[in-house]
Amino acid sequence: MEEVVQRRVKPKTIVHYEGMVKHLKEGPLASVQIAKLTRPRVQAFLNEKLDSGLEPKTVKHIRDTLRAALNVAMDEWELIQRTLRRRRRRVESRSPRSAFSPSTKPSAS
């Protein structure tokens, strides 16, 4: 986390962020694959946090931290997808090589 936010925020803020991430890492969402992460599941997680006695503002911070992490993941995934598409286009645009090398071309008889 420090690599991402360290240059932009105060050390106390980093400690705060790490606390929010700890809630996510140790919570029931930690074992859920991103593809299976649904709004109802996230809402149930946030409700559990509220029911456990956390302040609504703290739960909002946890939600905001989750949103930020998912946005970064989506941005990185899009970057990976764009790179793969470009590479695929380059490979497809190359002219196909002849099945015959210059020394093995059939002669016109």
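Structure: see above.
As the structure is a prediction and not an experimental result, all values here were calculated from the model.

For the structure on display, the rule yields 3 salt bridges. Between Arg67 and Asp64 there is a salt bridge, and its shortest N-O distance comes to 3.7 Å. Here Arg67 pairs with Asp64, and both are found in helix H4 (residues 56-93), just 3 residues apart, close to one helical turn. A residue is classified by how much of its surface remains accessible, and Asp64, at 21% relative accessible area, is partly exposed. What emerges from the salt-bridge pattern is a single network uniting Lys60, Arg63, Asp64 and Arg67.

What follows deals with the layout of surface pockets. In this structure, the second largest pocket spans a volume of roughly 320 Å³. In terms of lining, the second largest pocket is formed by 14 residues, of which the most central are Leu37, Val42, Leu66, Arg67 and Leu70. Secondary structure elements with two or more residues in the lining of the second largest pocket: helix H3 (39-51) and H4. Ranked by residues supplied to the lining of the second largest pocket, first place goes to H4 with 7 residues. Considered class by class, the residues forming the lining of the second largest pocket number 8 nonpolar, 3 polar and 3 charged.

Turning next to the packing of helix H2 (residues 11-26) against H4. Orientation of H2 relative to H4, taken along the N-to-C sense of each, is 80°, at an axis distance of 9 Å. For the element pair H2 / H4, the angle class is roughly perpendicular. Counting all contacts with H2, which are made through His16, Met20, Val21, His23 and Leu24, the residues of H4 involved are Thr58, His61, Ile62, Thr65 and Leu66. A per-class count over the contact of H2 with H4 returns 5 nonpolar, 5 polar and no charged.

Definitions and cut-offs
Residues numbered from 1 in each chain as written. Predicted model: local features only at pLDDT ≥ 70, side-chain atom pairs only at ≥ 80, totals over all residues. Heavy atoms only, no water. Salt bridge = Lys/Arg side-chain N within 4 Å of Asp/Glu carboxyl O. Helix = DSSP H or I, 4+ residues; strand = E, 2+ residues; numbered from the N terminus. Buried < 20%, exposed > 50% of the residue type's maximum accessible area, 1.4 Å probe, protein only. 1 Å grid on protein atoms, 1.4 Å probe; cavity = no way out; pocket = protein on both sides within 12 Å on 5 of 7 lines; lining within 4 Å. Points joined across faces, edges and corners; volume = space filled by probe spheres on them. Nonpolar A, V, L, I, M, F, W, Y, C, P; charged D, E, K, R; others polar. Axes fitted to C-alpha atoms, helices over the stretch in contact; angles between N-to-C directions. Parallel < 35°, antiparallel > 145°, perpendicular 65-115°, else oblique. Contact = heavy atoms within 4.5 Å.

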